[in-house]
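One-letter residues, chain by chain:
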Amino acid sequence: GQSLEQPSEVTAVEGAIVQINCTYQTSGFYGLSWYQQHDGGAPTFLSYNALDGLEETGRFSSFLSRSDSYGYLLLQELQMKDSASYFCAGGRGSTLGRLYFGRGTQLTVWP
Amino acid sequence: NAGVMQNPRHLVRRRGQEARLRCSPMKGHSHVYWYRQLPEEGLKFMVYLQKENIIDESGMPKERFSAEFPKEGPSILRIQQVVRGDSAAYFCASSPPQNSGNTIYFGEGSWLTVV
């Protein structure tokens, strides 16, 4: 089956850097995506790694190592508004849009 | 450019009733996906549709659940004879025809409560 593991919660203070790891056990995964979800809101796309390496988008960066079945989301210069759940998700090339989600990491940013 | 539109946002049904959830994809998107999210869990894929076609329904429960995406109008997720275990947030997502990045865009969700 498909499974993605990520920590259940992380806390940090404003201005800090946080890394949320994601390991997956599956075959045929076609890249790793990250989504942010505030309480009661829609999951919002953050980033996608199709290939190994680092992708940077503003304060957020995402990394993928396909040989290690591992990725992470790096959040820099944390702000209070970054408090949310973060999900890693993997897709298989044969079923575009069908994503397998981890259970999510609840990030709490303290002042 | 409007995003993915879902309605109703909140729906309360008694056990045994039917629930209908509607989803209009983003403009220019022809692929629609439905996901279900239980409290404090990740999203679980249910079904993938294109206009007038069900492409992948492997995540749909075998009974009581159905989905459609007609040529005209929104996609509908229908749950018949609801039970308490159906209480969840149901998210619709859409993507353009050329979705090389596996990026899908979610609506705000429909929160179903079965009493």
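Check the entry above for the structure.
Residues numbered from 1 in each chain as written. Chains lettered and ligands numbered in written order. Predicted model: local features only at pLDDT ≥ 70, side-chain atom pairs only at ≥ 80, totals over all residues. Heavy atoms only, no water.

K.L.:
Report on the pattern of salt bridges, specifying residues and quantitative values.
P.N.:
Residue and element names in this part refer to chain B. For the structure shown, the criterion picks out seven salt bridges over all chains. Measuring nitrogen to oxygen at the nearest pair gives 3.8 Å for the salt bridge that ties Lys44 to Glu41. Judged by its relative accessible area of 46%, Lys44 is partly exposed. According to the relative accessible area criterion, Glu41 is partly exposed, its value standing at 22%. (Salt bridge = Lys/Arg side-chain N within 4 Å of Asp/Glu carboxyl O. Buried < 20%, exposed > 50% of the residue type's maximum accessible area, 1.4 Å probe, protein only.)

K.L.:
Describe the nonpolar core, listing the residues and the values that go with them.
P.N.:
By size, the foremost hydrophobic cluster in this structure holds 23 residues, and its most contacted members are B:Trp34, B:Met46, B:Leu77 and B:Tyr90. Among residues more than four places away in sequence, those in contact with B:Tyr90 are B:Gln6, B:Leu21, B:Tyr35, B:Arg36, B:Met46, B:Phe65, B:Leu77, B:Ile79, B:Gly109, B:Ser110 and B:Leu112. (Core = buried A, V, L, I, M, F, W, Y, C linked by side-chain atoms within 4.5 Å. Contact = heavy atoms within 4.5 Å.)

K.L.:
I'd love a proper account of the environment of A:Gln36, names of residues and values included.
P.N.:
Residues and elements named next belong to chain A. Note on placement: Gln36 falls in strand β4 (residues 29-37). With a relative accessible area of 12%, Gln36 lands in the buried category. Other than its neighbours up to four places away in sequence, Gln36 contacts Ala42, Pro43, Thr44, Leu46, Asp82, Ala84, Ser85 and Tyr86. Within the structure, Gln36 has its side chain in polar contact with the side chain of Tyr86 (distance 2.9 Å). (Helix = DSSP H or I, 4+ residues; strand = E, 2+ residues; numbered from the N terminus. Polar contact = N/O pair within 3.5 Å; in protein donor to acceptor, adjacent residues only side chain to side chain.)

K.L.:
Lay out the interface of chain B and chain A in plain terms, naming residues and giving numbers.
P.N.:
Contacts between the two partners involve 23 residues from chain B and, on the opposite side, 21 residues from chain A. Buried surface at the junction of chain B and chain A, both sides included, amounts to about 1800 Å², of which 53% is carbon and sulfur. Run the count over chain B and chain A and you get one salt bridge. Two residues, A:Arg98 and B:Asp56, come together in a salt bridge whose shortest N-O distance is 3.5 Å. (Buried area = accessible area lost by both parts, 1.4 Å probe.)

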